[in-house]
Every structure is written in C-alpha cells, then in structure tokens.
Amino acid sequence: MHVSFQPAVDLAAAVAAAGRQLGFADSEFSSEVRTADPRHGDFQANGVLAYAKLHKANPRALAEKVVAALPSEILSICDASLAGPGFINFRLRPTALLAWLQQYGSARQLEEGAAGLHRGQHYVVDFSSPNTAKQLHVGHIRGMVIGEAICRMLAFCGATVIRDNHIGDWGTQFGKLIWGYKNLRNDEALARDPLEELERLYKAADAATKERPEVLEAARAELVKLQAGDAENLALWNRINAISSGAFEEIYRKLDIRFDHQLGESFYNDKLTPVYGELSRLGLATESEGALVVFHPEHPRFNTQPFIIRKSDGAANYASTDLATMLYRVEHFGADAIVILTDARQTDHFEQLWLTTQKWFAATGRRLPRFEHVSFGSILGEDGKAIKTRSGDPIRLKALLSEAEERAFALVSTKSPELPETERREIAAAVGIGAVRYADLSQNRSSDYVFTWDKILSLEGNTAPYLLYAVARIHSIFRRHGVDPADPAAVAAAAPPESEAEFALARKLVALASTLELTTSQLRPHFLCTYLYELAGAYSAFYAADKVLVDDPAVRARRLLLCARTLLVLESGLRLLGLRTLGRM
Ligand code: ARG
C-alpha cells in the first residue's frame, strides 16, 4: 500500500473522481478535503453542502451517493462515514497509518514527501535587512528567526528559496556618518567594538547637526560628494559598510542564519531612473509639490496620502528602491513569490508598494508574482512596554544571546552537574539560543509578546527546553536498549497501531503534512511549534500508557517504530525552526 505524504491529496482526488462519476460539474463541486476535528475523523470533505444548496437537493442523500461512488482503492486507505447535514468524514485505517510511518522513515524521505507542497516555486525571501551602522537590538530578532524558519520550511517543502539580506546601506544617514567618521572618530574604540563606535559617531554627528547649522551643511556636503561618486567618501562608505556587516555576521553565525545575497539598497541606485520613467509615462506617477508620487484613489487612505517614490529634492527614498527591487526580483531571480519581513509599522509602505506594483506590472504586461509582507509585532518587557534595559536603551541582541547562554548554563549545571563543562557549554548554547528563538517562533507573529526568562527557559509548557528534553529522552531510550532508531529491520517488523495512545500518536505524526502546508501557506511558524508541542504531548501520553520495551516482539516493534518516528519528526521540525537538537541534556 502506498500512502501519500499528505493523504488529503489522495482523498481530494477520490472525492473529485466520485463527483465526476455522478456528473457534478467541477466548477460547482469542491472536492477540498481538510483536517477534521480528531473526534470525528482525520479528514473531512464538505463540498456536498454547497452543491446541494445550489441544486436544492438533500445534502445528506447526495453525500451518501458520493461515498458510494468513491473509488475502491481509497477505501483500502481510509473509511468514510457521514455526519451532520452532509459532511463526509474520513478515518485512516490502521494499515494506512503503518504504511505512512514506514514510508516516511528518514529526514530525506520526509523531505521528498513534503516537496510536493511547493515544488518548482521560486521564492525570494527578504529578511533581517538591518540598516548599516546600527546595533542589532532585540527588536531585530523577530525578522531574523522568523525569516530563517520560513526559508527552511519553504525549501523543505520543495521551493527554490533565494535569501536576500536587503541591508539599508544607502541614504541620508551617510552624510552624518561620514562627517562623524572624519571628525569625531576614536580609533581605539573602533577597533574594540566597531559597531558600537559607528553608532556613537552617528548619534554624536546627528546631535551636532542639530546644534550647529554649519555641521548640518558639512554633513549634507559629504552626502552630496558620496552620491556624486567622490573617491574618498566612497571608500569611507565601503569601510563603514564592511565594519557593519562584519558585526552583523557574528550574530548571524550565532543564530545559524545565512543568506544567498546581500544586495542592499545601494545595489538599486542605478536602477531607479527607468522606474521613475515608466511610472510617469504610464500616468501612474505624477508630480506633486515637486515630488513624484503615486495616488491610489480607490483606496480611501492612500488617496489623500500618496506613495512618494521620489523626494522633492530629487533624491531617491525607501519606496524608489523597493519598486526597483520588486522588478529586479522578478526579472533576475524569476520570483514567483516575494516575501519581505519587517515589523508591523511598515504595513502602509508595503500596501502602497504592492498596489503600485500591481498596476505597474499590469500596464507593462509583466508577470505578477505573489507578494507577502510578513509583518510582526513587538517584544515586550514584563511591564508590558517595549523591552528595554534598565537605563532605558534597547537591549543589544548580542547581550541578550549571551545572557541566554549563561542562564541556560546555570540551568544545565544544576540539572546535570556530572557532565563535563565543555559538554554543558554546548548544551547551554543549544538550549539558551534555542529558547530565545522558540519563544519568538511559538507566538503568532502578528501579536506582541512578553519576554520572560523564567517562562522561555522553563522545562514545562510550549518551550524549547521542553521539546529539546523530549528529544533527548527518546534518544536515551534507544541508547539504553542498544537499538538504533533508524534500524530498518525494526521498522519492517512493526504492525499497525492497536492501543488508543498508539493511535493518537500515529495520527499526530501523519498530521505533519497538513501542518507544513498550513505553516508555509500562511508563513506563520507558530503553527509548526504548536504541532510539535502537541506531538510531544501525545508521545508522553503514549509513553505513560504503553510500555515500550515489552517481551512480545510484535508489540515492542510497533511501539519502537512510534518512538523512532516521533524522534524523527520532532528533530526535523525543530531543525526547520532553526534549533539544534541534542542527544542528551
Ligand atoms: N532596512 C529596513 C529597516 O530596517 C528593512 C528593509 C526591509 N526590506 C525591504 N525591501 N524594504 O526597516
């Protein structure tokens, strides 16, 4: 028996076939199959309801006909029953559950199964994208970890993913930065903590421009020189960017984040003029008070508040660059989908960008990609306000991550004092960084959340330590009994589930497929987190109810298979979220 990675796909095909056999028009009958309330079944099809309403027929009778017309092969995989006014519920048969568990027995097999979800699609994911010469602080972490998780999940599900760090490396801040660098630089500080010094230089220069008009003039002059290609300023600009990127890189390495490209805003400098030209020629952009703007009259807010795509002094802005970026990503990367991550404060910008792009591409006959602005809320301190240090500054990401490791080290040292220090350090890195990361990913990204050390480092609840511990515990079962979780002989000997806890766990494992679909279609990693947490719960319930290492070889084999697959799915899922898992804790 072969069962699809996502059994709902087979079921939908079967329902569609039944509909066709009954003469239902495809356009009137939806064969969609969704995940069902587990009390009633694994999957449910309710396309009959709308069809019956349309034809004023009895839905229940119609559903009966659909069930009777289902191709017989599908009934060897699941059984179908009617419920309510005409729902069709499907329950996977025990043999199908076993077949699924046997078929998807390695990370590679899971990936091959999942690849059907987004096969062949080209995604450009623009994430992290910090501004040059500014420290990364806690507010930057969401975009990084959510972005990395989204990239990993999409790639796992078959997409070609192009990761682009769209660094804010161009703009008016460079006038002040260059002036500050030339006039206020402390070389010793620059060598010690380059980003810190650059940030100080920017702040000091900014303050000086406010106090002394001649400094403002000088900073403007530096900017003009840079934009005109002055060699000295260009070299300084390069140097500032290099210092800045080096510091970012350190954090990316710590967080296992990587990029394929770091094109940055400056990359689009020479690609802006044609954009202004096209939009003006098409009549989409108009001059308003010296600026070039795009109105969206059909949109109440953007009718009065247009999208400014070139400033009144003729300079480019964020919008100019982003329009050129959209075009480049479609033309150069062949993007089918463009995903940009920023916090929710930029929602208006991206709405206007997308409205403009749609009209622009339609008017020029260009292929329109999908666009997703993946926005997120803020991280709050325990007082419910934006998280800050005691002195009121934003918390540096570097400091936050070190603190996470230190706290995790203390935790591991009390829990497992017998382990050598190097091992405890390694565990602490995985647990500490994992905890910060998971705390973020497990929240619906649209909401703000409160960051509390005790909560995120707790061994109970929906936390990284809980899940990492669950993984380590399963490893230890296999270790203690000298069995390899990947041993194919053990898998072959297994029989279908029998006990209630075995069934519940097996079903949860198969639900990985629908979870990945939901997570990647909504680009919301918290769905995967919730799933893994529930899977760990189903495993605990199974482990408490059913002894695994019993004498009866048949029972033992089928329970070991469940342990092995739980381990595989937990580890694979956590890796997709960017966590490192441990063999022992
Ligand atoms: N640098 C911007 C910021 O820090 C984020 C850039 C996001 N990407 C983009 N294509 N606009 O707010």
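> Describe the overall build of the protein, with residues and values.
Check the secondary structure of the protein and you find 25 helices and 13 strands. Of the contacts formed within the protein by residues at least 6 apart in sequence, a portion of 74% connects residues at least 24 apart. In the structure as shown, the protein presents an accessible area of about 25,900 Å², 52% of it carried by carbon and sulfur atoms.

> For the pairing of strand 7 (residues 285-288), give the residues involved together with the corresponding values.
Sheet analysis places strand 7 next to strand 8 (residues 291-294), joined by four bridges and oriented antiparallel. When the sheet's bridge partners are listed, T286 is paired in strand 8 with V293. In this antiparallel pair of consecutive strands, strand 7 and strand 8, the connection spans two residues, and E289 shows a positive phi of 50 degrees.

> How would you summarise the layout of surface pockets if you had to cite specific residues and measurements?
Size it by volume and the second largest pocket reaches roughly 770 Å³. Taken together, 31 residues line the second largest pocket, and the ones lying closest to its centre are T35, K508, A511, S514 and T515. Where the lining of the second largest pocket is concerned, the elements lending two or more residues are strand 1 (33-35), strand 4 (87-92), helix 22 (500-510), helix 23 (512-522) and helix 24 (526-545). Looking at side-chain class alone, the lining of the second largest pocket contains 15 nonpolar, eight polar and eight charged residues.

> Please set out the packing of helix 17 (residues 397-415) against helix 18 (residues 421-441) residue by residue, giving values where relevant.
Running from N to C, helix 17 and helix 18 cross one another at 125 degrees; their axes reach a closest spacing of 7 Å. As judged from the angle between their axes, helix 17 and helix 18 are oblique. Considering only the axes of helix 17 and helix 18, their crossing is right-handed. Every residue of helix 18 that contacts helix 17 at L400, L401, A404, E405, E406, A408, F409, V412 and S413 is listed here: E421, R424, R425, I427, A428, A429, V431, G432, I433 and V436. Of the residues belonging to the contact of helix 17 with helix 18, the class tally is twelve nonpolar, two polar and five charged.

> Talk me through the site of the ligand; I want residue IDs and the actual numbers.
The environment of the ligand is formed by D126, S129, N131, H166, Y318, D322, I340, T342, Q346 and F350. For the ligand, a nitrogen atom lies 2.8 Å from a polar atom in the side chain of D126. Between an oxygen atom of the ligand and a side-chain N or O atom of Q346, the distance comes to 2.8 Å. Listed by contribution, the elements that provide at least two residues to the shell around the ligand are helix 15 (318-331) and strand 10 (337-343).

> Tell me about the environment of A291, residues and numbers included.
Here A291 is to be found in strand 8. Sequence separation of A291 and A386 is 95 residues, and the distance between their C-alpha atoms is 35 Å.

> Please provide a residue-by-residue account of the nonpolar core, values included.
Judged by nonpolar contacts, the single largest core of 158 residues is most densely connected at F90 and L577. When residues no more than four places from it in sequence are discounted, the contact partners of L577 are A149, R437, Y438, L441, P525, L528, C529 and L532. Among the nonpolar cores identified, the runner-up in size contains 31 residues, and F307, A324, Y328 and I340 belong to it.

> Describe the sheet that holds strand 2 (residues 43-45), with residues and values.
The four strands are arranged 1-2-4-3 in an open sheet whose pairing can be described as antiparallel. Two strands bound the open sheet, and with one partner strand each, they are strand 1 and strand 3 (78-83). Here the strands of the sheet are splayed against their neighbours by 30 degrees on average, with no regard to which way each runs. One ladder, built from three bridges, connects strand 2 with strand 4; its direction is antiparallel. When the bridges of strand 4 are listed, A45 appears paired with I88. Packed onto the sheet, helix 3 (residues 59-69) meets strand 3 and strand 4 and runs at close to 170 degrees relative to strand 3.

Calculation criteria
- Residues numbered from 1 in each chain as written.
- Predicted model: local features only at pLDDT ≥ 70, side-chain atom pairs only at ≥ 80, totals over all residues.
- Heavy atoms only, no water.
- Helix = DSSP H or I, 4+ residues; strand = E, 2+ residues; numbered from the N terminus.
- Contact = heavy atoms within 4.5 Å.
- Areas by Shrake-Rupley, 256 points an atom, 1.4 Å probe, with all protein chains shown as cover.
- Pairing = 2+ DSSP bridges.
- 1 Å grid on protein atoms, 1.4 Å probe; cavity = no way out; pocket = protein on both sides within 12 Å on 5 of 7 lines; lining within 4 Å.
- Points joined across faces, edges and corners; volume = space filled by probe spheres on them.
- Nonpolar A, V, L, I, M, F, W, Y, C, P; charged D, E, K, R; others polar.
- Axes fitted to C-alpha atoms, helices over the stretch in contact; angles between N-to-C directions.
- Parallel < 35°, antiparallel > 145°, perpendicular 65-115°, else oblique.
- Left-handed = near helix turned anticlockwise from the far one by under 90°.
- Near = heavy atom within 4 Å.
- Polar contact = N/O pair within 3.5 Å; in protein donor to acceptor, adjacent residues only side chain to side chain.
- Core = buried A, V, L, I, M, F, W, Y, C linked by side-chain atoms within 4.5 Å.
- Buried < 20%, exposed > 50% of the residue type's maximum accessible area, 1.4 Å probe, protein only.

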